[in-house]
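# Descriptive analysis of the structure
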Amino acid sequence: MEETYIDSLDPEKLLQCPYDKNHQIRACRFPYHLIKCRKNHPDVANKLATCPFNARHQVPRTEISRHITSCDDRSCIEQDVVNQTRNLGQETVAESTWECPPCDEDWDKDLWEQTSTPFVWGTANYRGNNSPASNMVMEHKSNLVSGMRVPKSLPYVLPWKKNARP
């Protein structure tokens with residue numbers, strides 16, 4: 001049994017196509033070939049059934065029940081099911097002892113203590129002290145050269161770049 005199991009895993013082993021007996025396909029390409037050949041031979045595909053344990057097994061519909069009882073892949077799947085049920089009985093789920101760590105953050109407090117102000121292009125914000133009351137009143141000073149102003153709409157073209165293309 002183990003010899004045939006190892007032999008069936010060989011990717012270079014040639015397998016005969018169930019749809020066209022003249023096709024010999026490597027085992028690694030066999031699933032792809034089955035899909036393609038099933039579309040090319042719908043008359044043969046209607047006469048074959050797919051094994052529920054291995055989709056590579058295409059068996060005549062009249063023999064599918066016999067194949068299911070004797071399929072080699074069935075024993076592998078049944079053994080996996082038996083092993084899983086044994087493991088379920090032995091495993092005990094441990095209660096989690098994880099606890100959420102205490103939180104030292106206070107985002108509202110941090111917001112009031114914040115020293116930086118939002119960036120606004122063309123202005124500079126200055127504050128005298130960091131108290132919440134002084135944060136409400138901000139002095140704005142323009143960093144633009146005299147004679148320049150902040151544009152009212154964007155996109156805009158600077159006066160010295162009128163001939164420039166975007």
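Every chain is numbered independently, its residues counted from 1 as its sequence is written. The predicted origin of the model limits local features to residues at a pLDDT of at least 70 and limits the giving and counting of side-chain atom pairs to 80 or more, whereas totals for whole chains, interfaces and linings rest on all residues. Neither water nor hydrogens contribute to the side-chain values; these are computed over all heavy atoms in the structure.

As a further point, take the overall build of the protein. Broken down by element type, the protein carries seven helices and six strands. Runs of E in the DSSP output that reach at least two residues are strands. Runs of H or I that reach at least four are helices, and both are numbered from the N terminus. Taken from the N to the C terminus, the helices and strands of the protein come in the order α-β-β-α-α-β-β-α-α-α-β-α-β. Taking all 166 residues of the protein together, 14% fall into the buried category. Note on contacts: a residue pair qualifies if any of its non-hydrogen atoms lie within 4.5 Å across the two residues. Restricting to contacts in the protein with at least 6 residues of sequence separation, those with at least 24 account for 15%. Every accessible area reported is derived by Shrake-Rupley at a probe size of 1.4 Å, with residue values counting cover from the shown protein chains alone. Accessible area of the protein: about 14500 Å², with a carbon and sulfur share of 55%. Categorising residues by exposure relies on relative accessible area from a 1.4 Å probe, with only protein chains included: less than 20% of the type maximum marks a residue as buried, more than 50% marks it as exposed, and the intermediate range marks it as partly exposed.

Basic side-chain nitrogens of Lys or Arg form a salt bridge, by our definition, when they fall within 4 Å of a carboxyl oxygen of Asp or Glu. Enumeration according to the criterion identifies two salt bridges in this entry. Measuring nitrogen to oxygen at the nearest pair gives 3.5 Å for the salt bridge that ties Glu12 to Arg26. Note that Glu12 is positioned in the loop between helix 1 (2-8) and strand 1 (14-16) and Arg26 in strand 2 (residues 24-26), a separation of 14 residues in sequence. Judged by its relative accessible area of 46%, Glu12 is partly exposed.

Bringing the UniProt feature "domain: CHHC U11-48K-type" (unreviewed entry) in the protein into the picture now. UniProt positions are given in the numbering used here, feature names are shortened, and annotations may be inferred rather than shown by experiment. The positions that UniProt labels "domain: CHHC U11-48K-type" (unreviewed entry) are, in the present scheme, residues 14-41 and 48-75. Taken end to end, residues 48-75 is 39% helix and 21% strand, and its two terminal C-alpha atoms sit 22 Å from one another.

Taken residue by residue, helix 2 (residues 30-40) has Phe30, His33, Leu34 and Cys37 as its buried positions. In a view along the axis of helix 2, the buried residues occupy a sector of 105°, so they form one face of it. Exposed residues lying more than 90 degrees from the buried face of helix 2 are Tyr32, Lys36 and Lys39. Buried residues belonging to helix 2 abut strand 1, strand 2 and strand 4 (58-60). Our arc is simply the arc of the directions from the helix axis toward the C-beta atoms.

Our next topic: the side chain of His67. Within the secondary structure, His67 is located in helix 4 (residues 64-70). In this structure His67 touches Cys51, His57 and Val59, once residues within four positions along its chain are discounted.

Here we take up the environment of Val59. Mapping Val59 onto the fold places it in strand 4. For Val59 and Lys47, which are twelve residues apart along the polypeptide, the C-alpha to C-alpha distance reads 8.5 Å. Among residues more than four places away in sequence, those in contact with Val59 are Lys47, Leu48, Ala49, Ile64 and His67.

Moving on: a negative patch on the surface. Like-charged residues within 9 Å of one another, or nonpolar side chains (Val, Leu, Ile, Met, Phe, Trp, Tyr) within 5 Å, are grouped into patches, provided each residue has over 30% relative accessible area and no salt bridge. As used throughout, the charge tally considers Lys and Arg to be positive and Asp and Glu to be negative, leaving His and the chain termini uncounted. Taken as the charge location is NZ of Lys, CZ of Arg, CG of Asp or CD of Glu. A cluster of acidic side chains, namely Asp104, Glu105, Asp106, Asp108, Asp110 and Glu113, defines a negative patch on the protein surface. Residue position: Glu105 is located in the loop between helix 5 (72-90) and helix 6 (107-113). A relative accessible area of 56% means that Glu105 is categorised as exposed.

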